[in-house]
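# Commentary on secondary and tertiary structure
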Amino acid sequence: MQLLPDPVRRLAAWCAAVLLVAGVVWIVIRLCGQFRTAVVPVLLALLGSALLGPLHRWLVRAGVHRSLAAGITCVAVVTVVGGAVYIVVGALVDTGDQILSSLKRAAKSVAGYFGAAGTSLDDLATNSKGLISKFAGTAASNVISGVSVVAEYVAMAVLALLLVFFFLRDSHRVADLLRSLAPPGTADTVEAVARRAYEAVEGFMRGTTVIALIDATLTTVGLLVLSVPGAIGLGALVFVGAYIPYLGAFLSGAVAILVALADRGLVIALWALGVVVAVQVLDGHVLQPVVQSRTVRMHPAAVLLALTAGASVAGILGMLLAVPLTAAAFGVGHELRTRYGRDGPEPARPGPDARGDPPGAQGRPPGA
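A brief look at the structure comes next. Note that the structure is predicted; figures quoted are calculated from it, not measured.

About the cut-offs
Residues numbered from 1 in each chain as written. Predicted model: local features only at pLDDT ≥ 70, side-chain atom pairs only at ≥ 80, totals over all residues. Heavy atoms only, no water. Helix = DSSP H or I, 4+ residues; strand = E, 2+ residues; numbered from the N terminus. Areas by Shrake-Rupley, 256 points an atom, 1.4 Å probe, with all protein chains shown as cover. Phe/Tyr/Trp six-rings, centres within 6.5 Å; stacked < 30°, edge-to-face > 60°. Buried < 20%, exposed > 50% of the residue type's maximum accessible area, 1.4 Å probe, protein only. Axes fitted to C-alpha atoms, helices over the stretch in contact; angles between N-to-C directions. Parallel < 35°, antiparallel > 145°, perpendicular 65-115°, else oblique. Left-handed = near helix turned anticlockwise from the far one by under 90°. Contact = heavy atoms within 4.5 Å. Nonpolar A, V, L, I, M, F, W, Y, C, P; charged D, E, K, R; others polar. Patch = residues over 30% accessible without salt bridge, like charges linked within 9 Å, V, L, I, M, F, W, Y side chains within 5 Å. Salt bridge = Lys/Arg side-chain N within 4 Å of Asp/Glu carboxyl O. Expected span 1.5 Å × (residues − 1). Bend = angle between axes of the 7 residues up to and from the residue. Core = buried A, V, L, I, M, F, W, Y, C linked by side-chain atoms within 4.5 Å.

Another aspect to go through is the overall build of the chain. Counting its regular elements, the chain contains eleven helices and zero strands. Starting at the N terminus, the α and β elements of the chain follow one another as α-α-α-α-α-α-α-α-α-α-α. Split by element, the accessible area of the chain, about 21,900 Å² in all, is 72% carbon and sulfur.

Okay, structure coming up:
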């Protein structure tokens, strides 16, 4: 005898399914936190492989051996990333004093404009040196812990670089490996889902890098034209912040406007605001649709929720990884909807071999 009506039983079934999924996700997150020294390098290596995959494939097509091509790619990324870090850090160090002094003057200006409402900002700027000294003292008292953390990060970076080499070198074997591990009758679906997820991450990484470079260049040129001090360092902040959608652009733009307000006055600050807004409008209405038109487009609300979840789980690193992982999840969902949606399975597309791979995908597994 049915004690509960049918709608209540269906609701209970859905609640049980949601609780089960939430429990599995929570366990996976906890395990990733416990094994972060192994999980983080793998995720970073996947992102690096997605960004460097086109260069590696071009070298292989040019006749370079796969191992040598992977080695050249890794050397290139070390050179480029090392040079970029040197330029960014150098720019921030050279202009850091100007930016900090400008922010202090901006706090005083805000206090002058808004009276008591800006007093807390003025006090914070005045006592910033004392706060930094206290923080430095705390850090010095925990120097052993700090050294261990730095050593852990260095080890993870080296491991991620080695994994990038192996992922690139053995990328042609990934498809066969996935098909061999897939349950019977699901090999095509597993391979297609893996391809779609990897293509989403690859497109996101390439597109974000291009957009970050364009945004940083335009912002730097605009601030140089306005004679805002520390323009190169502020442009470097824009480039780094572009990898954290919306939030990074907001923070770097706010710093640029405050610096312009402190050193060049209200009129130049308004012009700097115009430069930042114009770059962001260009980003949102031109660069994003054009550069990332072939990737998974996510709603801004989904991006913000992903950033919040990533920050709550792993801080800044979680914010950096949250959006590409969400893009991969959206790609998987799109592929599954295409195959098993209301219209039925997707008809087989003509391909170069009997497995039904899409044109041009032969020999290009998810990691290629």
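So, about the packing of aromatic side chains. By the definition in use, this model includes one aromatic pair. Judged by centre distance (5.3 Å) and plane angle (75°), the ring pair of Phe165 and Phe166 falls under edge-to-face. Here Phe165 falls in the partly exposed class, since its relative accessible area comes to 21%. Here Phe166 falls in the partly exposed class, since its relative accessible area comes to 37%.

Turning next to the packing of helix α8 (residues 187-225) against helix α9 (residues 231-241). Any two packed helices are characterised by the angle at which their axes cross and by the distance between the axes. One way to put it is that α8 packs onto α9 with a least axis distance of 8 Å and a crossing angle of 155°. The angle between α8 and α9 falls in the class roughly antiparallel. With respect to the hand of their crossing, α8 and α9 are arranged in right-handed fashion. Between α8 and α9, the residues in contact are Thr209, Ala212, Leu213, Asp215, Ala216, Thr219, Thr220, Leu223 and Leu224 and Ala231, Ile232, Leu234, Gly235, Val238 and Phe239, respectively. Along the lines of polarity and charge, the residues of the contact of α8 with α9 split into ten nonpolar, four polar and one charged.

Together, Val150, Val154, Val158, Leu162 and Phe166 make up an exposed nonpolar region whose accessible area comes to about 430 Å². Following the sequence through the fold, Val158 ends up in helix α6 (residues 143-169). Judged by relative accessible area, which is 46%, Val158 ranks as partly exposed.

Moving on to helix α11 (residues 300-340). Between its first and last C-alpha, α11 extends only 26 Å over 41 residues, short of the 60 Å set by a 1.5 Å rise per residue. Along α11, the largest kink reaches about 145° and is centred on Ala314.

To continue, consider helix α2 (residues 36-61). Its 26 residues place the ends of α2 36 Å apart at the C-alpha level, agreeing with the 38 Å of an ideal helix rising 1.5 Å per residue. The principal kink in α2, of about 50°, is found at Leu52, preceding the proline Pro54 by one to four residues. Considered for burial, the residues of α2 that qualify are Val40, Pro41, Ala45, Leu47, Gly48, Ser49, Ala50, Leu52, Gly53, His56, Arg57 and Leu59. Phi turns positive, to about 100°, at Gly63, one or two residues after α2.

Closest axis-to-axis distance for the helix α7 (residues 174-181)/α8 pair is 8 Å, and the angle between their directions is 135°. In terms of their interaxial angle, α7 and α8 are classed as oblique. For the crossing formed where α7 meets α8, the hand is right-handed. Where α7 approaches α8, its residues Ala175, Leu178 and Arg179 are matched on the opposing element by Ala187, Asp188, Val190, Glu191, Ala194 and Arg195. When the residues that make up the contact of α7 with α8 are grouped by side-chain class, the tally is five nonpolar, no polar and four charged.

Mapped onto the elements, Gly274 comes out in helix α10 (residues 247-291). What makes Gly274 partly exposed here is its relative accessible area of 36%. For the pair Gly274 and Ile257, spaced 17 residues apart in the sequence, the C-alpha separation amounts to 9.5 Å.

Here we come to unusual backbone geometry. Phi is mostly negative for residues that are not glycine, and the peptide bonds are mostly trans. Positive phi outside glycine occurs at Ser227, with the angle close to 60°. Position of Ser227 relative to the elements: it lies in the loop between α8 and α9. A relative accessible area of 46% places Ser227 in the partly exposed class.

So, about the nonpolar core. Soluble globular proteins: nonpolar side chains tend toward being buried together. By size, the foremost hydrophobic cluster in this structure holds 16 residues, and its most contacted members are Val201, Met205, Leu307 and Val323. Listing elements by their share of this core, those giving two or more residues are α2, α8 and α11. A per-element tally of this core places α11 first, with seven residues. Not counting residues within four places of it along the chain, the set of residues in contact with Leu307 comprises Ile244, Pro245, Met319, Ala322 and Val323. Of all hydrophobic cores here, the second largest spans 14 residues; its members include Val228, Ile268, Ala269 and Ala272.

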